[in-house]
Amino acid sequence: HLQASGSVLANPSGTLSLTCTVSGADIRDSSWNWIRQPPGKGLEWIGSISHTGNTNYNPSLKPRVTLSINTWKTQFSLELTSVTAADTALYYCATSLRSSPSYMDTWGQGSLVTVSS
Amino acid sequence: EVVMTQSPGTLSVHPQDRATLSCTASQDIGSNLAWYQQKPGQPPRLLIYDTSIRATDIPARFSGSRSGTEFTLAIDSLQTDDPAVYYCQQYDDWSPITFGQGTRLEIK
């Protein structure tokens, strides 16, 4: 089970922060992903982090994205800086059973973040 | 970046008929392709991975295949529960992982 929480509203040029809490799975296995979906649109992969902290980012977002993981708290987090209205989206956290580029086998419900002043 | 192109944009099929959805990769991705089903208000649900392996609890009505860089999701005996948006996703390369734009499946 995955549950995202964090920023619901972010200011333009500010920072969006989300945390995904993992239950019923060992965060030390697999890799952990963030994917977003603007309202009424398709899916965009943001990045992945392994339990050892190894990260891979979408090049289009890489300058603004940081993923981190806290195995003690069974949480992993997303920080997106310099946000604009184009970053308004439903943000999903999801697991991958493989550490290599992979499909996402379990998804959280998503957390809607709106960028607006 | 690997571009994934899905067709058609919308597909309307009679109940109990077969639906065929396509996804074409802009370059060779091997068999590193997954399919997801997304219903309104829900997160995507994994259907198929590695081109043709059904995920846990996915019925045999769903099947995946590949011909070169063209991938197909077939749904046999369409049920009233099947209308949704279906996405393909390639994971051959990290830079970046990409999704198709989706096919909306409707029942006639």
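The structure we're discussing is the one just above.
Residues numbered from 1 in each chain as written. Chains lettered and ligands numbered in written order. Predicted model: local features only at pLDDT ≥ 70, side-chain atom pairs only at ≥ 80, totals over all residues. Heavy atoms only, no water.

J.: Could you give me a rundown of the overall build of chain B, with the residues and numbers involved?
T.: Within chain B, the regular secondary structure consists of zero helices and 11 strands. Moving toward the C terminus, one meets the helices and strands of chain B in the order β-β-β-β-β-β-β-β-β-β-β. Over its C-alpha trace chain B gives a radius of gyration of 13 Å, about what one expects of a compact globule, namely 13 Å for 108 residues. Buried positions account for 50% of the 108 residues belonging to chain B. In chain B, the share of contacts with a sequence separation of at least 24, taken over all contacts with a separation of at least 6, comes to 57%. Within the structure as shown, chain B displays about 4,800 Å² of accessible surface, and the carbon and sulfur contribution to it stands at 42%. (Helix = DSSP H or I, 4+ residues; strand = E, 2+ residues; numbered from the N terminus. Rg over C-alpha atoms; globule rule 2.2 N^0.38 Å. Buried < 20%, exposed > 50% of the residue type's maximum accessible area, 1.4 Å probe, protein only. Contact = heavy atoms within 4.5 Å. Areas by Shrake-Rupley, 256 points an atom, 1.4 Å probe, with all protein chains shown as cover.)

J.: Can you explain the packing of aromatic side chains? Please cite residues and give values.
T.: Taken as a whole and judged by the stated rule, the model has eight aromatic pairs over all chains. Between W34(A) and F76(A), the aromatic rings sit 5.5 Å apart at their centres with planes inclined by 55°, giving tilted as the arrangement. Taken together, the residues W34(A) in strand β4 (residues 31-37) and F76(A) in strand β8 (residues 75-80) connect sequence positions 42 residues apart. Each of the two residues, W34(A) as well as F76(A), counts as buried. Of the aromatic side chains, those joined through ring pairs into one cluster are Y92(A), W107(A), Y36(B) and F99(B). (Phe/Tyr/Trp six-rings, centres within 6.5 Å; stacked < 30°, edge-to-face > 60°.)

J.: Can you explain the sheet that holds strand β7 (residues 65-70) of chain A? Please cite residues and give values.
T.: Residues and elements named next belong to chain A. Overall, antiparallel pairing links the four strands, which are arranged β1-β3-β8-β7 in an open sheet. Two strands close off the open sheet at either side, each with one partner strand: β1 (2-6) and β7. The average undirected angle you get between the axes of adjacent strands in this sheet is 20°. Of the pairings in the sheet, the one linking β7 to β8 comprises six bridges and is antiparallel in character. Bridging from a neighbouring strand, L67 pairs with L78 of β8. (Pairing = 2+ DSSP bridges. Axes fitted to C-alpha atoms, helices over the stretch in contact; angles between N-to-C directions.)

J.: Describe the state of the cysteines, naming the residues involved and giving the relevant values.
T.: Evaluation of the coordinates by the stated rule reveals two disulfides over all chains. In this model C20(A) forms its disulfide with C93(A); the gap between the sulfur atoms is 2.1 Å. Between C20(A) and C93(A) the sulfur-sulfur dihedral comes to about 65°; the bridge is accordingly right-handed. On the criterion of sequence distance, the pair formed by C20(A) in strand β3 (residues 16-22) and C93(A) in strand β9 (residues 89-96) is long-range, its members being 73 residues apart. Looking at C20(A), the relative accessible area reads 0%, which means it is buried. The disulfide partner of C23(B) is C88(B), and the gap between their sulfur atoms is 2.0 Å. Handedness here is read from the sign of the S-S torsion; for C23(B) and C88(B), about 70°, the answer is right-handed. Within this pair, whereas C23(B) is found in strand β3 (residues 19-25), its partner C88(B) is found in strand β9 (residues 84-90), the two being separated by 65 residues in sequence. Of the two residues, C23(B) and C88(B), neither departs from the other in class, the shared state being buried. (Disulfide = S-S within 2.5 Å.)

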